[in-house]
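A structural walkthrough
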Protein chains: 2
Amino acid sequence: MENFITQCKKYNLRITPQRTAVYKALMEDKTHPTADAVYQNVKKDCPNISLDTVNRTLISFSEFGIIDTVMCSGQGKKYDPNSKPHHHLKCVKCGKISDFYHQKYDSLKVPSEVEEEFTVLNKKVVLTVVCKKCNKKG
Amino acid sequence: MENFITQCKKYNLRITPQRTAVYKALMEDKTHPTADAVYQNVKKDCPNISLDTVNRTLISFSEFGIIDTVMCSGQGKKYDPNSKPHHHLKCVKCGKISDFYHQKYDSLKVPSEVEEEFTVLNKKVVLTVVCKKCNKKG
DNA sequence: TGACAAATAGGAGTTAATCCTATATAGTAT
DNA sequence: ATACTATATAGGATTAACTCCTATTTGTCA
Ligand SMILES: [Mn+2]
Ligand SMILES: [Mn+2]
Ligand SMILES: [Zn+2]
Ligand SMILES: [Zn+2]
């Protein structure tokens, strides 16, 4: 919790009851929750919180790297027709996903425990980033 | 294109003009398109195709590993409050994302070209898979 | 304690994605 | 070739995720 206060001060985020409740709910969450799932949890502590506030809070936390995004902001699912071995940069602000090529990453071995249990269709390294353009903006 | 026919036969997908057109459009696409973007491209060849068909086709292609998904099926963006170094298994059928821990992956170095241009908030290896449950179903 | 920018609730609006159903068609057997 | 049947399709309806809007409240700092 001290960590929360430190982070908020660092990024000039006001310490509101809503933000605190969202942070707490996240710290207890071992899943990969959707905004709505977080909303449902937070409501226990903070019954009047709005879904919009939860969404805004999650977005700002992710933009500062306090939490990671699994699927990023933006409109619609995205598909990847590029079948060459490659890796991804995913901008947490604008949602853009760019390819990069890096041989050292191509040769990663899938752990055998995983291969025994799952059919692996694709593997890549995904870096969550803030891109140059978005860095300039704010 | 022979590849397309091979894949379709392998998975018992009928070779329809719509499916062919979607495949062609994907092979020419160097971006990470949304279903709607694919739809707009395919319409040039195939003006009467419906968005629903494009969506279904993309989902089936991704389920067979013909293309990869960047953001997966399912409802809503997902956030990740787990701040320990870990990696992801993303089931392309049910959309579930599970954590796995694998030390060899934790120590990946970010290429310096990337670090110079981007602020890196997080890095992980993401494996697109079909999970055990979904494998059984079909 | 007062001033002000930041944050919030709640509802409206906007898209993406899925579902539904009647029609069409690809593949296969005759 | 022809007929048959499961598969696939178009197009519209519905659902649900997300964002935007505006009046009101609240945290922070002087
Ligand atoms: Mn890619
Ligand atoms: Mn995770
Ligand atoms: Zn960006
Ligand atoms: Zn699954």
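Right, let's walk through the structure included here.

Criteria and cut-off values
- Residues numbered from 1 in each chain as written.
- Chains lettered and ligands numbered in written order.
- Predicted model: local features only at pLDDT ≥ 70, side-chain atom pairs only at ≥ 80, totals over all residues.
- Heavy atoms only, no water.
- Helix = DSSP H or I, 4+ residues; strand = E, 2+ residues; numbered from the N terminus.
- Buried < 20%, exposed > 50% of the residue type's maximum accessible area, 1.4 Å probe, protein only.
- Contact = heavy atoms within 4.5 Å.
- Core = buried A, V, L, I, M, F, W, Y, C linked by side-chain atoms within 4.5 Å.
- Near = heavy atom within 4 Å.
- Polar contact = N/O pair within 3.5 Å; in protein donor to acceptor, adjacent residues only side chain to side chain.
- Axes fitted to C-alpha atoms, helices over the stretch in contact; angles between N-to-C directions.
- Parallel < 35°, antiparallel > 145°, perpendicular 65-115°, else oblique.
- Left-handed = near helix turned anticlockwise from the far one by under 90°.
- Nonpolar A, V, L, I, M, F, W, Y, C, P; charged D, E, K, R; others polar.
- Donors = N, O, S within 2.8 Å, 3.2 Å for Na, K, Ca; no water.
- Buried area = accessible area lost by both parts, 1.4 Å probe.
- Salt bridge = Lys/Arg side-chain N within 4 Å of Asp/Glu carboxyl O.
- Least-squares fit on C-alpha atoms with pLDDT ≥ 70 in both.

Assigned secondary structure in chain A consists of seven helices and five strands. Based on the C-alpha atoms only, the size of chain A along its principal axes is roughly 50 × 40 × 30 Å. The proportion of buried residues among the 138 residues of chain A is 49%. Residue pairs at least 24 apart in sequence account for 41% of intrachain contacts in chain A once pairs closer than 6 positions are excluded.

Soluble globular proteins tend to bury their nonpolar side chains together. Among the nonpolar cores identified, the biggest contains 30 residues, and L127(A) and L127(B) are the most heavily contacted of them. Within the residue set of this core, elements represented by two or more residues are strand 3 (87-91) and strand 5 (119-130) of chain A together with strand 3 (87-91) and strand 5 (119-130) of chain B. Setting aside anything within four residues of it in sequence, one finds L127(B) in contact with V110(A), V114(A), N122(A), K123(A), H88(B), L89(B), K90(B) and F100(B).

It is worth spelling out the protein's contact with DNA strand C at this point. Residues and elements named next belong to chain A. Taken together, 18 residues form the shell around DNA strand C, and within it T16, Q18, T53, R56 and K77 come nearest. Near the protein, within 4 Å, the atoms of DNA strand C are sugar or phosphate in 72% of cases. The contact in question runs from a phosphate oxygen of DNA strand C to an N or O atom on the side chain of T16, over 2.9 Å. One of the side-chain nitrogen or oxygen atoms of Q18 is found 2.9 Å away from a sugar or linking oxygen of DNA strand C.

Moving on to the packing of helix 2 (residues 17-28) of chain B against helix 3 (residues 35-45) of chain B. Residue and element names in this part refer to chain B. Where helix 2 contacts helix 3, the axes come no closer than 9 Å and their chain directions differ by 110 degrees. Here helix 2 lies roughly perpendicular to helix 3, going by the angle between them. Classified by chirality, the crossing of helix 3 by helix 2 is right-handed. Contact with helix 2, carried on its side by A21, V22, A25 and L26, involves V38, N41 and V42 of helix 3 and no other residues of that element. Of the residues belonging to the contact of helix 2 with helix 3, the class tally is six nonpolar, one polar and no charged.

This brings us to the coordination of the manganese ion (ligand 1). Within the protein, the manganese ion (ligand 1) binds to D80(A) (OD), H86(A) (NE2), H88(A) (NE2), D99(A) (OD) and H32(B) (NE2); these donor distances fall in the range 2.2 Å. Note that D80(A) is positioned in strand 2 (residues 79-80) and H32(B) in the loop between helix 2 and helix 3, a pairing that runs across two chains. Neither D80(A) nor H32(B) differs from the other in exposure class; each is buried.

Let us look at the interface of chain B and chain A. In this complex, chain B contributes 58 residues to the contact, which on the side of chain A involves 59 residues. Here chain B meets chain A over a buried area of about 5600 Å², counting both sides, of which 63% is carbon and sulfur. Linking chain B with chain A are three salt bridges, by the criterion used here. The partner of K132(B) in a salt bridge is E117(A), with the nearest N and O atoms 3.9 Å apart. Where chain B packs against chain A, one counts 30 residue pairs in polar contact (both at pLDDT 80 or more). Listing elements by their share of the side of chain B that touches chain A, those giving two or more residues are helix 4 (51-63), strand 1 (68-69), strand 2 (79-80), strand 3, strand 4 (97-100), helix 6 (112-117), strand 5 and helix 7 (132-137) of chain B.

Let's shift gears to the coordination of the zinc ion (ligand 3). Residue and element names in this part refer to chain A. For the zinc ion (ligand 3), the full set of protein donor atoms is C91 (SG), C94 (SG), C131 (SG) and C134 (SG), at a range of 2.3 to 2.4 Å. On the primary sequence, the residues serving as donors to the zinc ion (ligand 3) are separated as C-x2-C-x36-C-x2-C. Taken together, the residues C91 in strand 3 and C131 in the loop between strand 5 and helix 7 (132-137) connect sequence positions 40 residues apart. With relative accessibility at 2%, the residue C91 sits in the buried group.

Lining the immediate environment of DNA strand D, one finds 20 residues, of which D52(A), Q18(B), T53(B), R56(B) and K77(B) sit closest. Sugar plus phosphate, as a fraction of atoms of DNA strand D within 4 Å of the protein: 69%. Take Q18(B): an N or O atom from its side chain is 2.9 Å from a sugar or linking oxygen of DNA strand D. The contact in question runs from a phosphate oxygen of DNA strand D to an N or O atom on the backbone of K77(B), over 2.5 Å. At the level of secondary structure, the elements contributing two or more residues to the surface near DNA strand D comprise helix 4 (51-63) of chain A together with helix 2 and helix 4 of chain B.

Note that the two copies of the chain are related through a rotation about an axis and a translation along the same axis. Once chain B is rotated about the relating axis by 180 degrees and shifted along it by 0.0 Å, it coincides with chain A to within an RMSD of 0.1 Å. On the angle and the small slide along the axis, the relation comes out as a two-fold axis. Residues of chain B ranked by C-alpha distance from the rotation axis are headed by V125(B), positioned 2.2 Å from it. When the interface residues of chain B are mapped onto chain A, 100% of them again fall at the interface, so both copies present the same face.

Take it as geometry only, folks, not as evidence of what the structure does.
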